[in-house]
Amino acid sequence: MATEKSLNERMRALPKVDEVVGLVELSDAIRACIPEAAITDAVRASIQAMRERLLRGEDVDITSHAAAREAECRVRALARPSLRAAVNATGVILHTNIGRSPLAQEALDAVVDVSRGYCTLEYSIENMARGSRHDHIESLVCALTGAEAAMAVNNNAAATLMVLSEFAKGHEAVVSRGELVEIGGSFRIPEIMATSGAKMVEVGTTNKTHVFDYERAITSDTAMLLKVHTSNYCIVGFSESVTTRDLVGVARAENARRAAADTHNRVVVYEDLGSGSLLPPILNAPDAEPTVGQSLSGGCDLVSFSGDKLLGGPQAGIIVGKKAYIDRLKKNPLARAMRLDKMTLAALEATLRLYLDGTAYERIPTLRMLNATLGEMREAADALAAAIEERLPSGCASVSVVEEFEKAGGGSLPTLDIPGAAVRIDYLRGNANDCERAMGNRAGSPVLARTKHEGTLFDVRCLLPGDEQIIADALAEYFKTLD
């Protein structure tokens, strides 16, 4: 009873909004861009947060000054962009949480060029009439993959949904149990198939699927044989899967039987490549990842893949294949709902042109990072260590260069460990957790690193020009707060 009374007394003692608003200290610059109503809302939110923590039984400072300090933090967060540049020192190249592929300078320039005014998004200069936004990338993709036709939508999940909806809605789509993948954000192949209206028919087992499994599963209602590249995991050991070429053979035999029976519905072979590569992403491991061209050469009717992973461009889902099928997809109502905007198309076209002119490995950051040598990484780590040591006060931390393994990330090359180097910070003052929090909440670009054995690791593989100084500044800011 006493505890309940104490809680009620503390709840009644929570500060009033009006008295807290007058205590909120903000710079003139922030007050100039944030309306008073928003500041009042921040105070209300802070008091409400106090109330919720009290109800959870937490020990809470319920003074007016404490509420004002929390409100100040909320207002400052409102005053700065939520989506802003960050420094990737995690060692994960295609880090989904922080934007995956950094764009090539040519792609950035193209985005600015088409965004500053008007552009030829759906206007054909050649015909002096309305054109199609598909035209900007179709010929490039076809030249790079050998496809008859191509189109792009806003991501590969959208591409998968649209292909299934167009060619298997209301009919059976056969897929191996070993390929029913889940990728980031809980995107699952069975759920996307259900959403598309396709009837999923599972064949084989988790570790082994044979050609005869597909042959036995085909019925008169079968519309598609679906192959899904297991981008983010790998089954090793006692395992077996069916190649795209073998699936094409199964489909051709069934389509020949249907033609002989004067049945015109065909079985389509579709491969979801996931990340998708136009070139081998790792020069010294050319077979580490299948390319789009290889899938098409196996006879696939349709192949889809991402634009913002191993390809190194903006977020997009690219679909390639036979012209008759691509033409149907272009007319599908989902094509408009999932179409690309002018900025994405500009970045994608510019990225594709780097593949066309043979400079992709040098100009596209993702490919450059994947293929940087251990020697180059050691040199970059030495430079970062020197920049950090120059800024840090004496007696706060020790700085060393260590060798680490990095990852491709983004659901790509899951078994590949890339030898690299990092700068390690061991704390004489403060600690890694507090430093990580401070670097993430700083006013400038947040710095994302890794904590290992109570130290902080700054992997250098994913650093861009200028990031070294940002990291050194972020560390200096943290240690300054300990004075």
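Conventions adopted
Residues numbered from 1 in each chain as written. Predicted model: local features only at pLDDT ≥ 70, side-chain atom pairs only at ≥ 80, totals over all residues. Heavy atoms only, no water. Helix = DSSP H or I, 4+ residues; strand = E, 2+ residues; numbered from the N terminus. Buried < 20%, exposed > 50% of the residue type's maximum accessible area, 1.4 Å probe, protein only. Areas by Shrake-Rupley, 256 points an atom, 1.4 Å probe, with all protein chains shown as cover. Lys, Arg positive; Asp, Glu negative; His and termini not counted. Charge placed at Lys NZ, Arg CZ, Asp CG, Glu CD. Pairing = 2+ DSSP bridges. Axes fitted to C-alpha atoms, helices over the stretch in contact; angles between N-to-C directions. Contact = heavy atoms within 4.5 Å. Salt bridge = Lys/Arg side-chain N within 4 Å of Asp/Glu carboxyl O. Domains from an automatic or database assignment. UniProt positions renumbered as here; feature names shortened; annotations may be inferred. Parallel < 35°, antiparallel > 145°, perpendicular 65-115°, else oblique. Left-handed = near helix turned anticlockwise from the far one by under 90°. Nonpolar A, V, L, I, M, F, W, Y, C, P; charged D, E, K, R; others polar. Phe/Tyr/Trp six-rings, centres within 6.5 Å; stacked < 30°, edge-to-face > 60°. Lys NZ or Arg CZ within 6 Å of the ring centre and 35° of its normal.

Next up on the list: the overall build of the chain. Helix and strand counts for the chain come out as 20 helices and 18 strands. Expressed as lengths along the three principal axes of its C-alpha atoms, the size of the chain is roughly 85 × 60 × 60 Å. Out of the 483 residues belonging to the chain, those deemed buried represent 47%. Of the accessible surface of the chain, which amounts to about 23500 Å², a share of 52% is contributed by carbon and sulfur atoms. In the chain, 53 positive and 65 negative side-chain charges are present, and the distance between their average locations comes to 5 Å.

For the rest of this paragraph, the subject is the sheet that holds strand 13 (residues 317-321). Spatially, 5-13-12-11-10-6-9 is the arrangement adopted by the seven strands of the open sheet, whose pairing is mixed. The sheet is open, and its two borders are formed by strand 5 (149-153) and strand 9 (199-203), each paired with just one other strand. Strand after strand, the sheet turns through a mean of 25° between neighbouring axes, direction not considered. Two strands pair when backbone bridges link them, and strand 10 (residues 222-228) and strand 11 (residues 268-272) are joined in this way by five bridges, in the parallel orientation. Looking at the pairing, Met 224 lines up with Val 268 of strand 11. In this fold helix 9 (residues 189-196) packs onto strand 6 (172-176), strand 9, strand 10 and strand 11, with an angle of close to 150° to the strand it touches most, strand 10. Each of strand 5, strand 11, strand 12 (302-306) and strand 13 touches helix 13 (residues 323-331); the most contacted strand, strand 5, lies at about 30° to it.

Next up on the list: the pattern of salt bridges. Pairs may arise between side chains of opposite charge once their charged atoms sit close together. Taken as a whole and judged by the stated rule, the model has 34 salt bridges. The shortest N-O distance in the salt bridge between Arg 100 and Asp 308 comes to 3.2 Å. One end of the pair, Arg 100, is in the loop between strand 2 (92-94) and helix 6 (105-115); the other, Asp 308, is in the loop between strand 12 and strand 13, with 208 residues separating them in the sequence. Note on Arg 100: relative accessible area 23%, which makes it partly exposed. On the basis of relative accessible area, Asp 308 is assigned to the buried category, the value being 7%. Here Arg 188 and Glu 182 are joined by a salt bridge, their closest N and O atoms 2.6 Å apart.

In terms of domains, the chain is made up of domain 1 (13-79), domain 2 (87-95 + 369-482) and domain 3 (105-363). A straight line from the C-alpha centre of domain 1 to that of domain 3 covers 50 Å.

Bringing the UniProt feature "modified residue: N6-(pyridoxal phosphate)lysine" (unreviewed entry) in the chain into the picture now. If you check UniProt for "modified residue: N6-(pyridoxal phosphate)lysine" (unreviewed entry), the listed places come out as Lys 309 in our numbering. Within the element layout of this structure, Lys 309 appears in the loop between strand 12 and strand 13. Filtering out sequence-adjacent residues up to four positions away, Lys 309 remains in contact with Leu 94, Arg 100, Ser 101, Ser 275, Thr 366, Gly 410 and Ser 412.

Bringing the packing of helix 8 (residues 156-168) against helix 9 into the picture now. For the pair helix 8 and helix 9, interaxial distance at closest approach is 8 Å and the crossing angle is 45°. As far as their axial angle goes, helix 9 and helix 8 are oblique. The two elements helix 8 and helix 9 meet at a crossing, and its hand is right-handed. Within the contact between the two elements, helix 8 uses Ala 157, Thr 160, Leu 161, Leu 164 and Ser 165 and helix 9 uses Ile 192, Met 193, Thr 195 and Ser 196. Looking at the contact of helix 8 with helix 9 residue by residue, the class counts come to five nonpolar, four polar and no charged.

Our next topic: the side chain of Glu 179. Looking at where Glu 179 falls in the secondary structure, it is placed in the loop between strand 6 and strand 7 (182-183). Look at Glu 179 and you get buried, because its relative accessible area is 6%.

The phi angle at Leu 413 is positive, at roughly 45°, despite the residue not being glycine. Relative to the assigned elements, Leu 413 resides in the loop between strand 14 (397-409) and strand 15 (418-427). By relative accessible area, which is 4% here, Leu 413 ends up buried. For His 453, which is not glycine, the phi dihedral falls at a positive 50°.

Glancing now at the pairing of strand 6. Where burial is concerned, most of strand 6 is hidden: five out of the five residues are buried. Burial along strand 6 is two-sided: Glu 172, Val 174 and Ser 176 and Ala 173 and Val 175, pointing in opposite directions, are all buried. For strand 6 and strand 9, the ladder comprises five bridges, and the chain directions are parallel. Counterpart to Val 174 in the pairing with strand 9 is Val 201. Here four bridges tie strand 6 to strand 10, and the two strands are oriented parallel to one another. Looking at strand 10, one finds that Ala 173 is bridged to Met 224.

A few words on the packing of aromatic side chains. What the rule picks out here adds up to four aromatic pairs. On the basis of an interplanar angle of 80° and a centroid distance of 5.2 Å, the ring pair of Phe 167 and Tyr 325 is categorised as edge-to-face. Of this pair, Phe 167 sits in helix 8 while Tyr 325 sits in helix 13, placing them 158 residues apart in sequence. We note that Phe 167, like Tyr 325, is buried. Among the aromatic residues, ring-to-ring pairing joins Tyr 427, Tyr 478 and Phe 479 into one connected group. The ring of Phe 238 carries Lys 208 above its face, with NZ or CZ at 3.9 Å from the centroid.

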